[in-house]
Amino acid sequence: MSRTRPTAARKAAPDVATTARAPRRRRLVGSPLFWAAACLALAVPWAIAGQVTELIPYLFMLVGGWLCGFSFVNATFRITPERRAVIVHVIGAIASAALVVTAAELGGSLLADAPEPVRIALVIVQFAAIPAAGWIWLALIGRVSAAVGTSRKPAPTTPEWVRAEHGHGSEVRFAAVPVPMRTLTTVIVVIAVVLSAIVAVALIFVGDIVFALGARLTIIIVGVVFALPAYSAGRAVARRHTLACTVGFGNDRLWIGTGSTTTVVLFRDLERLVWRCRSDYARIEVLGTGVDVSLVTGIAPPPPGATAELPALPRRVLGRLQDEGFVLERARRGEVLTFRRAG
């Protein structure tokens with residue numbers, strides 16, 4: 001959706017330190033591990049009071065555990081080459097399952113003799129480990145399924161820059177879902193909370209059955225009955241809203257094509273540009289006079305033979321934007337490039 005922003009007076013870009021680290025607070029608030037720690041910390045008062053199985057702390061522990069698993073899975077997608085990433089993912093899946101089984105089998109004896117702070121920590125880990133392990137295994141199954149499905153085909157490649165068909169510059173074509181990051185994050189959190197609540201209520205009602213089945217079967221059942229349908233539904237929604245997109249850069253402008261619509265933004269009218277190549281949050285965000293666009297390619301089904309990624313910005317574009325007075329911020333080990341108008 002577009003919105004008009006007034007053009008502010010421009011100031012010359014500083015000659016030094018044109019590349020700045022994003023503020024630590026912004027990186028912290030955007031980290032899933034930060035919110036995981038917050039959720040698990042909020043469950044501590046109930047654990048101290050011996051009411052850890054109440055609905056509210058139970059939800060905190062489920063969401064906190066899921067965020068831990070979510071963060072680990074995203075981290076594996078940032079590892080290169082892919083073979084090493086899969087190995088790390090498999091090791092993490094085995095370790096998470098071992099943690100769940102160990103907590104279930106030995107948790108009682110450990111809790112009986114442990115000091116109070118250790119007992120509280122072990123209780124929280126027991127509950128949080130299940131959704132974390134479930135998400136890690138679910139992502140691993142999806143990863144293996146995708147690898148098997150493409151094993152007889154050439155390995156997919158990252159979209160490449162090509163010479164623009166009209167005018168000077170280069171452009172890249174990819175598939176993306178047009179959705180603001182704030183909306184996407186809100187949807188993910190709401191789905192996680194709602195799904196955790198449903199799982200919590202279901203486990204409360206069938207508590208005796210869960211105890212009889214044990215931790216291993218419980219993880220499988222929760223994944224098949226709850227997590228897998230939610231994941232499949234999310235993929236279906238993303239597929240329905242996926243558009244063929246184009247982004248190009250010229251000497252003094254950039255253009256964004258979504259479906260049959262093309263929007264041209266002059267560099268002098270640009271306020272902010274975000275470029276992330278990899279992960280589920282791979283995307284481009286463009287904010288300027290008369291335009292506010294966010295295209296997330298990480299969640300979109302890619303075209304045949306391509307990956308759900310964006311190529312690195314050409315050095316020419318990096319230099320041109322800095323010449324135009326933009327300050328470059330790097331976050332998450334340089335994976336997210338944010339250009340902001342200086343001043």
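Residue indices follow the written sequence of each chain, beginning from 1 at its first position. Only residues with pLDDT of at least 70 are given local features in this predicted model, and only at 80 or more are side-chain atom pairs given and counted; all residues enter the totals for whole chains, interfaces and linings. Derived side-chain values reflect all non-hydrogen atoms in the structure, with water molecules and hydrogen atoms excluded from consideration.

With that out of the way, let us pick up the overall build of the protein. Strands are runs of DSSP state E lasting at least 2 residues, helices are runs of H or I lasting at least 4, and numbering of each runs from the N terminus. The helix and strand inventory of the protein stands at 10 helices and 11 strands. Think of it in three bands: residues with accessible area under 20% of the maximum for their type are buried, residues over 50% are exposed, and the middle band is partly exposed, with areas taken using a 1.4 Å probe on protein chains only. Here the protein holds 343 residues, and 38% of them are scored as buried. At a minimum sequence separation of 6, the contacts of the protein that also span at least 24 residues come to 67%. Counting only carbon and sulfur atoms, one obtains 64% of the accessible surface of the protein, whose full area is about 19,300 Å². Contacts are assigned to residue pairs that have any heavy atoms within 4.5 Å of one another. All accessible areas in this document rest on Shrake-Rupley with a 1.4 Å probe, and a residue is counted as covered only by the protein chains that are shown.

It is worth spelling out the pairing of strand β5 (residues 253–258) at this point. Judged from the 5 bridges that link them, strand β4 (residues 243–249) and β5 form a sheet pairing that is antiparallel. Across the sheet, residue Gly248 finds its bridge partner in β5, namely Trp255. At least two DSSP bridges between two strands are needed for those strands to be called paired. Adjacent in sequence and paired antiparallel, β4 and β5 are bridged by 3 residues. Direction of pairing for β5 relative to strand β6 (residues 261–266): antiparallel, over a ladder of 6 bridges. Residue Gly257 lies in a different strand from β6, and its bridge partner there is Thr262.

Working definition: rings of Phe, Tyr and Trp (its six-membered ring) pair if their centres are within 6.5 Å, and the pair is stacked with planes under 30 degrees apart, edge-to-face with planes over 60 apart, and tilted otherwise. Under the counting rule described, the total for this entry stands at 9 aromatic pairs. When the centroid spacing of 6.2 Å and the interplanar angle of 50° are considered together, the rings of Trp46 and Phe60 count as tilted. On the criterion of sequence distance, the pair formed by Trp46 in helix α3 (residues 44–48) and Phe60 in helix α4 (residues 55–76) is long-range, its members being 14 residues apart. By relative accessible area, which is 26% here, Trp46 ends up partly exposed.

Our next topic: the nonpolar core. Core analysis: the largest hydrophobic core is formed by 28 residues, its most contacted members being Phe174, Phe249, Trp275, Ile284, Val286 and Phe339. The nonpolar core is taken to be a set of buried Ala, Val, Leu, Ile, Met, Phe, Trp, Tyr and Cys residues, with the residues joined through side-chain atoms within 4.5 Å. If you look at the next biggest cluster of nonpolar residues, it comprises 23 residues, including Val73, Leu138, Val179 and Ala300.

What counts as a salt bridge is simple: a side-chain nitrogen of Lys or Arg found within 4 Å of a carboxyl oxygen of Asp or Glu. In the structure shown here, the tally under the stated rule is 7 salt bridges. Measuring nitrogen to oxygen at the nearest pair gives 3.0 Å for the salt bridge that ties Arg253 to Asp252. Overlapping salt bridges bring together Arg272, Arg283 and Glu285 as one network.

Here we take up a nonpolar patch on the surface. Taken together, the side chains of Leu55, Val201 and Phe205 make up a nonpolar region of the molecular surface, amounting to roughly 310 Å² of accessible area. With respect to the helices and strands, the residue Leu55 is situated in helix α4. The class for Leu55 is partly exposed, based on a relative accessible area of 39%. Patches draw on residues past 30% relative accessible area with no salt bridge. Two like charges within 9 Å are joined, as are two nonpolar side chains (Val, Leu, Ile, Met, Phe, Trp, Tyr) within 5 Å.

Most of strand β11 (residues 336–341) is tucked away: 5 of the 6 residues are buried. As paired strands, strand β7 (residues 270–276) and β11 are joined by 5 bridges and run antiparallel to one another. Its bridge partner lying in β11, Leu273 is registered against Phe339.

As a further point, take the packing of helix α2 (residues 32–42) against α4. Simply put, an axis is a line fit to the C-alpha atoms, just over the touching stretch for a helix, and the angle between two N-to-C directions goes from 0 to 180 degrees. Between α2 and α4, whose axes approach to 8 Å, the crossing angle comes to 160°. Between α2 and α4, the angle falls in the class roughly antiparallel. For the element pair α2 and α4, the recorded crossing hand is left-handed. Mapping the contact onto sequence places Pro32, Leu33, Trp35, Ala36, Cys39, Leu40 and Leu42 in α2 and Phe60, Met61, Val63, Gly64, Gly65, Leu67, Cys68, Phe70 and Ser71 in α4. Residues that form the contact of α2 with α4 fall into these classes: 13 nonpolar, 3 polar and no charged. To sort the angles, those under 35 degrees are grouped as roughly parallel, those over 145 as roughly antiparallel, those from 65 to 115 as roughly perpendicular, and the leftovers as oblique. Should the near helix be turned anticlockwise from the far one by less than a right angle, the crossing is termed left-handed; should it be turned clockwise, right-handed. Each residue gets one of three labels, nonpolar for Ala, Val, Leu, Ile, Met, Phe, Trp, Tyr, Cys and Pro, charged for Asp, Glu, Lys and Arg, and polar for the others, Gly among them.

You can read pLDDT as the predictor saying how much it trusts each residue, on a scale of 0 to 100. Across the protein, the average pLDDT comes to 78, with 78% of residues at or above 70. Under a pLDDT of 50 for its full length, residues 1–22 has, in the predicted model, 43 contacts with residues more than four places off or in other chains.

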